[in-house]
Amino acid sequence: MLELVAEGRITPSADEVASRAVVGLRTVFRHFADMESLYAALTHTLAEQYEMWLIPFDSSDWRQQLVEVVERRTATYERLLPFKRAGDAHRHMSPALQGQYEHVLGIMRQRLHTLLPASIADDAQRFETIDLMLSFEVWQRLRGEQQLDADGARAIIMDEVARLAG
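To start, this report covers the structure provided alongside it. Since the model is a prediction, treat every value here as computed from it, not as a measurement.

Notes on the overall build of the chain
At step 1: Along the backbone of the chain there are 10 helices and zero strands.
At step 2: Across the chain, helices and strands are ordered from the amino to the carboxyl terminus as α-α-α-α-α-α-α-α-α-α.
At step 3: By principal-axis analysis of the C-alpha atoms, the chain measures approximately 55 × 30 × 30 Å.
At step 4: Looking at the 166 residues of the chain, the share that counts as buried comes to 38%.
At step 5: The contacts of the chain with a sequence gap of at least 6 include a subset with a gap of at least 24, amounting to 60%.
At step 6: Once the 18 positive and 25 negative side-chain charges of the chain are each reduced to a mean point, those two points are 2 Å apart.

Written as structure tokens, this is what we have:
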């Protein structure tokens, strides 16, 4: 499933998963009760990519930590872009995907809120705008719809976050 989605197949079928794994369809469903279980396992595996966000920062200065946040998030987003597209297509009908998505968003927002000084974190408009600029959705738009390369997209996010942070 991971390989198929990485190749751009947003909704691979159980038959395609079985074929890629060189097993029978029944074997897939011996390991996974249904496609929801397969999506849950996929989500769990991908969630490990976000663990790098929890590594302590190299810098003790909040501004430098914010730079690290931009670098870590955009590097992760770039690796997970095909999986985000697939997740978006399935999340509305998958409790596992929705739950993991909400969990990751909560961790991201909490870490950002803790990192920023109170003058920014408690300013709802500034905080929400910084959080928006650091979102996967902004990365997805810059890379997809606006067709920027990774460095160009990262520079836009870095500059805007720095401006908002003052």
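Some thoughts on helix 5 (residues 62–90)
At step 1: For helix 5, spanning 29 residues, the distance from its first C-alpha to its last is only 36 Å, which falls clearly below the expected 42 Å at 1.5 Å a residue.
At step 2: Backbone nitrogen of Arg63 and a side-chain oxygen of the N-cap are separated by 3.1 Å at the start of helix 5; the cap is Asp61.

A closer look at the packing of aromatic side chains
At step 1: Taken as a whole and judged by the stated rule, the model has one aromatic pair.
At step 2: The aromatic ring of Phe136 is capped on one face by Lys84, whose charged end is 5.6 Å from the ring centroid.
At step 3: The lysine or arginine in question, Arg91, covers the ring of Tyr101, its NZ or CZ lying 3.6 Å from the ring centre.

Topic: the pattern of salt bridges
At step 1: Enumeration over the complete set of coordinates arrives at 12 salt bridges.
At step 2: In this structure, the salt-bridge partner of Arg20 is Glu7, at a minimum N-O distance of 2.8 Å. Taken as a pair, Arg20 in helix 2 (residues 14–21) and Glu7 in the loop between helix 1 (2–6) and helix 2 lie far apart in primary sequence, 13 residues in all.
At step 3: Its salt-bridge partner being Lys84, residue Asp88 comes within 2.8 Å of it at the nearest N-O pair. Here Asp88 and its partner Lys84 are both found in helix 5, four residues apart, which amounts to about one turn of the helix.

Topic: the packing of helix 8 (residues 124–133) against helix 10 (residues 150–165)
At step 1: Relative orientation of the contacting elements helix 8 and helix 10 amounts to 170 degrees, with a least axis distance of 10 Å. In terms of orientation, helix 8 and helix 10 fall into the roughly antiparallel class. Counted together, Arg126, Thr129, Ile130 and Met133 of helix 8 and Ile157, Glu160, Val161, Leu164 and Ala165 of helix 10 form the full contact between these two elements.
At step 2: Here the residues of the contact of helix 8 with helix 10 sort into six nonpolar, one polar and two charged.

Some points on the packing of helix 9 (residues 136–145) against helix 10
At step 1: As a packed pair, helix 9 and helix 10 sit with axes 9 Å apart at the nearest point and diverge in direction by 135 degrees. Classified by the interaxial angle, the pair formed by helix 9 and helix 10 is oblique. In this structure, helix 9 meets helix 10 at a crossing whose hand is right-handed. When helix 9 is examined against helix 10, the residues Val138, Trp139, Leu142 and Arg143 are found in contact with a partner set consisting of Ala150, Ala153, Arg154, Ile156 and Ile157.
At step 2: Among the residues forming the contact of helix 9 with helix 10, the class breakdown is seven nonpolar, no polar and two charged.

Description of helix 9
At step 1: Among the residues making up helix 9, those that are buried are Phe136, Val138, Trp139, Gln140 and Leu142.
At step 2: Immediately downstream of helix 9, the backbone of Gln147 shows phi near 55 degrees, a positive value.

Structural notes on the nonpolar core
At step 1: Membership of the largest hydrophobic core comes to 42 residues, with the highest contact counts inside it found for Leu66, Leu116, Ile130, Leu134, Trp139, Ile157 and Val161.
At step 2: Looking at which element gives the most residues to this core, the answer is helix 5, with nine residues.
At step 3: If we skip the residues at most four places from it in the chain, Ile157 touches Val70, Thr74, Met133, Leu134, Val138, Trp139 and Leu142.

Thresholds, definitions, all that
Residues numbered from 1 in each chain as written. Predicted model: local features only at pLDDT ≥ 70, side-chain atom pairs only at ≥ 80, totals over all residues. Heavy atoms only, no water. Helix = DSSP H or I, 4+ residues; strand = E, 2+ residues; numbered from the N terminus. Buried < 20%, exposed > 50% of the residue type's maximum accessible area, 1.4 Å probe, protein only. Contact = heavy atoms within 4.5 Å. Lys, Arg positive; Asp, Glu negative; His and termini not counted. Charge placed at Lys NZ, Arg CZ, Asp CG, Glu CD. Expected span 1.5 Å × (residues − 1). Polar contact = N/O pair within 3.5 Å; in protein donor to acceptor, adjacent residues only side chain to side chain. Phe/Tyr/Trp six-rings, centres within 6.5 Å; stacked < 30°, edge-to-face > 60°. Lys NZ or Arg CZ within 6 Å of the ring centre and 35° of its normal. Salt bridge = Lys/Arg side-chain N within 4 Å of Asp/Glu carboxyl O. Axes fitted to C-alpha atoms, helices over the stretch in contact; angles between N-to-C directions. Parallel < 35°, antiparallel > 145°, perpendicular 65-115°, else oblique. Nonpolar A, V, L, I, M, F, W, Y, C, P; charged D, E, K, R; others polar. Left-handed = near helix turned anticlockwise from the far one by under 90°. Core = buried A, V, L, I, M, F, W, Y, C linked by side-chain atoms within 4.5 Å.

Everything listed here is a matter of coordinates, which is why it stays silent on function.
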